[in-house]
Amino acid sequence: MPARQPRPTRLLLLTALTAGLALGAPVRPAEAQNFLERLFGIKPERPPVPPQRIPEGGPAPGAPEEPGQPGSAAPEAARPAPVPRAPVVLKAPSEEGILNQDLQLNGATGALKLERAGTGLTATVTLPGTKVSQPTETCSVKLGGGKPIALTAAGKPEGVPRYEAPAAECPLRLDVAEGGVMVTTVESGQTCTFSAADCATTPVGLWGPPAATLIPRAGEFDTARGVADKSVRDNYKLMTQRARREDVRPIVAEQAAFSADREQFCRSYAREGTHGFCHLRFTENRSLALATRLGANTAAPTTTVAAPRKPKPKPSVEGMNPDAFGGPEPE
């Protein structure tokens, strides 16, 4: 079989390559590879496609957005609570609301009654206590022999009306609260001892109504306490903002001790955990005291307690039996 003759094109290419090598012309590797591919009919492979960079404009269609990535709606950072520009002032209590009311220490023992006498007030007080000789036995002492004691008005140094009985056998200070009186002793110590009656009394606490009359108003007290707590926090924030740097630490310490002071003062009130009356009045008076220290006029309240919302009656559906759901009986 006769040998196959090379094609003229291949002969020409081979001759050119040989001439180039003979002349010493430099041949680049890419040109040599291209020449051999054309010489032997080999199809060159397609060059690899370089990896393309994913655009940063946003995630691929259908992909869930991640918080913090460009193009995603990231939630806004939590902003600090704004500091009020002016003190928050609650409605200040008035002594008119407790006149001629029978108040008891912690709503359980003793008796205190305020009455109007001319332009001033008088108080009839029976202090409960324990016998000095027999601490397990109770006793009581009537100040002034059971007669009304004249009270001295001391203004509103803490934002609420204050009265004092400095001439009594047990000097008392009375700060008016809504529906009660917060009593402390004028002199140091919380106990007054009456040797002739063999009785030691501790009058410090909230003198208010008995627990049975307060429990039905527990929901009202809970709503009001939320408003009072917020006013205390806002007034403390304003105090720290206005204070000098060296005065901030005592204010912060006072704020931190507020809850403990309230618990200490109210823990003995009858059924306090059920109605929360004492905690509410203590908080309201603290808020008014802070507002007074901030220079506010407590006679002009800026915050009122909203009345609790009553649930709306459900509309009746036509065709339903009202008797099955406690509705009114048909006439």
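Details of the structure are given in the entry above.
Residues numbered from 1 in each chain as written. Predicted model: local features only at pLDDT ≥ 70, side-chain atom pairs only at ≥ 80, totals over all residues. Heavy atoms only, no water.

## So, the state of the cysteines
Then, number 1: Under the criterion given, the structure shown has 3 disulfides.
Then, number 2: Here Cys-170 is linked by a disulfide to Cys-192, with a sulfur-sulfur distance of 1.9 Å. Taking the sign of the S-S torsion, about 65° here, the bridge from Cys-170 to Cys-192 comes out right-handed. Taken together, the residues span a long stretch of sequence, with Cys-170 in the loop between strand S7 (162–165) and strand S8 (172–177) and Cys-192 in strand S10 (residues 192–194) at a distance of 22 residues. Of the two residues, Cys-170 and Cys-192, both sit in the buried class.
Then, number 3: The disulfide partner of Cys-266 is Cys-278, and the S-S distance across this bridge is 2.1 Å. Between Cys-266 and Cys-278, the disulfide has an S-S torsion of -75° and is therefore left-handed. In this pair, Cys-266 sits in helix H5 (residues 245–266) while Cys-278 sits in helix H7 (residues 277–293), placing the two residues 12 residues apart along the sequence.
Then, number 4: The class of Cys-278 is buried, set by a relative accessible area of 0%.
Then, number 5: Sequence-ordered numbering of the disulfide-bonded cysteines in the chain gives the connectivity 1-4, 2-3, 5-6. (Disulfide = S-S within 2.5 Å. Helix = DSSP H or I, 4+ residues; strand = E, 2+ residues; numbered from the N terminus. Buried < 20%, exposed > 50% of the residue type's maximum accessible area, 1.4 Å probe, protein only.)

## Remarks on the pairing of S7
Then, number 1: Here S7 shows a buried face lined by Arg-162 and Glu-164 and a second buried face lined by Tyr-163 and Ala-165.
Then, number 2: Two strands pair when backbone bridges link them, and strand S6 (residues 152–153) and S7 are joined in this way by 2 bridges, in the antiparallel orientation. In the sheet register, Ala-153 faces S7, and the bridge partner there is Tyr-163.
Then, number 3: Sheet analysis places S7 next to S8, joined by 4 bridges and oriented antiparallel. Within S8, the position partnered with Glu-164 by the bridge is Arg-173.
Then, number 4: Turn length for the S7-S8 hairpin, with the two strands adjacent in sequence and antiparallel, is 6 residues. (Pairing = 2+ DSSP bridges.)

## Here's the deal with helix H4 (residues 218–242)
Residue pairs three or four apart in sequence face the same way in an α-helix, which turns once every 3.6 residues.
Then, number 1: Under the 1.5 Å per step criterion, the end-to-end length of H4 is 36 Å for 25 residues, consistent within 8% with the ideal 36 Å.
Then, number 2: Residues of H4 that are buried: Ala-218, Phe-221, Ala-224, Ala-228, Asp-229, Ser-231, Val-232, Asp-234, Asn-235, Tyr-236, Leu-238 and Met-239.
Then, number 3: Buried residues along H4 sit in contact with helix H3 (211–214), H5, helix H6 (272–275) and H7. (Expected span 1.5 Å × (residues − 1). Contact = heavy atoms within 4.5 Å.)

## Notes on unusual backbone geometry
Then, number 1: Despite not being glycine, Asn-100 has its phi angle at roughly 65°, a positive value.
Then, number 2: Considering the arrangement of structural elements, one finds Asn-100 in the loop between helix H2 (29–40) and strand S1 (103–105).
Then, number 3: Since its relative accessible area comes to 48%, Asn-100 is described here as partly exposed.
Then, number 4: Phi is positive for Asp-198, which is not a glycine, with a value near 55°.
Then, number 5: One can find Asp-198 in the loop between S10 and strand S11 (199–201).

## Examining the side chain of His-275
Then, number 1: Take His-275: it is sitting in helix H6.
Then, number 2: A relative accessible area of 4% places His-275 in the buried class.
Then, number 3: A distance of 3.0 Å separates a polar side-chain atom of His-275 from the backbone nitrogen of Phe-277. (Polar contact = N/O pair within 3.5 Å; in protein donor to acceptor, adjacent residues only side chain to side chain.)

## Brief notes about the environment of Arg-162
Then, number 1: As for its position among the elements, Arg-162 is in strand S7.
Then, number 2: Sequence spacing of Arg-162 and Met-182 is 20 residues, and the spatial spacing of their C-alpha atoms is 9.5 Å.
Then, number 3: In this structure, Arg-162 is in contact with Thr-152, Ala-153, Ala-154, Gly-155, Pro-157, Arg-173, Leu-174 and Asp-175, ignoring residues within four places of it in sequence.
Then, number 4: Side-chain polar atoms of Arg-162 contact the side chain of Asp-175, separated by 2.7 Å.

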